[in-house]
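# A closer look at the structure
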Amino acid sequence: MRVKKAIIPAAGLGTRFLPATKAMPKEMLPIVDKPTIQYIVEEAIASGIEDIIIVTGKGKRAIEDHFDHAFELEETLLRKGKTDMLDSVLQTSSVEIHYIRQKQPLGLGHAIWSARKFIGDEPFAVLLGDDIVENDAEPGLLQLVDQFNKTGQSVIGVKQVSEEDTQRYGIIDPGAIDGKLIDVNKFVEKPEPGTAPSNYAIMGRYVLTPEIFKFLAEQEPGAGGEIQLTDAIQKLNEVHSVSAYEFDGRRFDVGEKFGFIETTIEFALKRPELRGQLLQLFREKLDEEERNK
Ligand code: G1P
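The rules behind these values
- Every residue gets a number counted from 1 within its own chain, in the order that chain's sequence is written.
- Owing to the predicted nature of the model, reporting of local features is limited to residues with pLDDT of at least 70; listing and counting of side-chain atom pairs is limited to 80 or more, with chain, interface and lining totals taken over all residues.
- As a convention, hydrogens and water are excluded, and side-chain values are obtained from all of the structure's heavy atoms.
- Site definitions follow a grid-based scheme: protein atoms alone, a 1 Å grid, a 1.4 Å probe that fits but cannot get out for cavities, and for pockets an open set with protein on both sides within 12 Å along at least five of seven lines, plus lining residues having an atom within 4 Å of a point.
- Grid points are joined across faces, edges and corners, and a volume is the space filled by probe spheres set on the points.
- Counting from the N terminus, the helices are DSSP H or I runs at least four residues long and the strands are E runs at least two residues long.
- Following the grouping adopted for this structure description, the nonpolar residues are Ala, Val, Leu, Ile, Met, Phe, Trp, Tyr, Cys and Pro, the charged ones are Asp, Glu, Lys and Arg, and the polar ones are all others, Gly among them.
- One speaks of a salt bridge when a side-chain nitrogen belonging to Lys or Arg is within 4 Å of a carboxyl oxygen belonging to Asp or Glu.
- Residue burial is assigned from relative accessible area. The probe radius is 1.4 Å, only protein chains are included, and a residue is buried under 20% of its type maximum, exposed over 50%, and partly exposed in between.
- Contact criterion: two residues are considered in contact whenever any of their non-hydrogen atoms come within 4.5 Å of each other.
- Classification of ring pairs rests on two measures: the distance between centres of Phe, Tyr or Trp rings, Trp counted by its six-membered ring, which must be within 6.5 Å, and the angle between planes, read as stacked under 30 degrees, edge-to-face over 60 and tilted in between.
- Charge-over-ring contacts are defined here by two conditions on Lys NZ or Arg CZ: a distance within 6 Å of the ring centre and an angle within 35 degrees of the ring normal.

## A word on the layout of surface pockets
- Looking at the largest pocket, its volume works out to about 1,300 Å³.
- As for the largest pocket, its lining consists of 41 residues, and the residues nearest its centre are K26, L108, D130, K190 and E226.
- Breaking the lining of the largest pocket down by element, the ones donating at least two residues are helix 5 (108-114), strand 11 (200-208) and strand 13 (250-253).
- When residues of the lining of the largest pocket are assigned to their parent elements, the largest contribution, 4 residues, is made by strand 11.
- A class-by-class count of the residues in the lining of the largest pocket yields 15 nonpolar, 14 polar and 12 charged.
- Volume-wise, the second largest pocket comes out at about 630 Å³.

## Comments concerning empty space enclosed by the protein
- The final tally for this structure, using the stated rule, is 1 cavity of 30 Å³ or more.
- Estimated volume of the largest cavity: approximately 60 Å³.
- As for the largest cavity, its lining consists of F17, K26, E27, L29, T36, G129, D130, V254 and F260.
- For the lining of the largest cavity, the per-class residue count stands at 4 nonpolar, 2 polar and 3 charged.

## Considerations on the pattern of salt bridges
- What the rule picks out here adds up to 18 salt bridges.
- The partner of K26 in a salt bridge is D130, and the shortest N-O contact between them spans 3.2 Å. Separated by 104 residues along the polypeptide, K26 in the loop between strand 1 (5-9) and strand 2 (30-31) and D130 in the loop between strand 6 (124-127) and strand 7 (131-134) bring together distant segments of the chain.
- Judged by relative accessible area, which is 21%, K26 ranks as partly exposed.
- The shortest N-O distance in the salt bridge between K60 and E27 comes to 2.9 Å. Within this pair, whereas K60 is found in the loop between strand 4 (51-56) and helix 2 (61-67), its partner E27 is found in the loop between strand 1 and strand 2, the two being separated by 33 residues in sequence. The same class applies to K60 as to E27, namely buried.

## Thoughts on helix 9 (residues 229-239)
- Looking only at helix 9, the buried set comprises L229, T230, A232, I233, Q234, L236 and N237.
- Contacts made by the buried residues of helix 9 are with helix 5, strand 8 (155-160), strand 9 (170-178), strand 10 (181-189), strand 11 and helix 8 (212-218).

## Concerning the packing of aromatic side chains
- Under the counting rule described, the total for this entry stands at 4 aromatic pairs.
- Chaining the aromatic ring pairs together yields one cluster made of Y39, F252 and F267.
- Over the aromatic face of F247 sits the side chain of K159, whose NZ or CZ is 5.1 Å from the ring centroid.
- One residue, K270, lies across the ring of F267, its end atom 5.7 Å from the ring centre.

Interpretation in functional terms is not warranted from these geometric data alone.
Structure below.
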């Protein structure tokens, strides 16, 4: 069965970006001029997804407004012949976006479980908004979908991280490794420092079979007292093997401050209208630092 539906959880409080996220969802923080969640939606579209359900919470209305048609704006841009701007506001109009509210902040696993009725009995994708994956050749999620199409088994996107960072992620205990495809003995959410079974970290992209909902329904709270998706994936793995796939493409961590700033700079440097000015600014700053030494 083809993977046509995706869940994007967006119910988190975004406390790392306070006060910006006091009245604005963190998913709406822009990288240059596009909200982070739009990069995620565009990756889903480029991976063949036709329906997206965004799991929201309190104070997330701006996300719904963002993906809604803005008739007045579109009309004005059309009348003024501003076709580039019009295209930019219509970029995600090819996909159906639906919304559901997570009633209680019980964790990522619970957020995914909240969308079970929308998914029904078919395989689906999950994309987390804290990672933007850049790959012009083949979007990150599409690489997992291709892999799923070969085996029909759930597949989880991973990338290698430094030893010190393993405690921030879901980590796999790898079995046989065949190129990018990795058998998984065990999935562990946020292992204690020094106990990680490898440095392969779950990187916010998943293709899951609907059996996962049964395990999510029974899942007890795990790391951080939250119902963890990783723990339910491990339960699924005990019955139907779940693989990991080390996908290609650079991954940008927009879920924490430095990563967010780095992503903004990298994306701005790719824009011809900004690149020159930005490089000039860096040169001036470096010179200033030198002079003040
Ligand atoms: C979540 C997942 C974790 C994964 C991480 C990055 O953690 O629970 O397994 O490695 O996203 O994609 P969070 O960053 O929400 O704490």
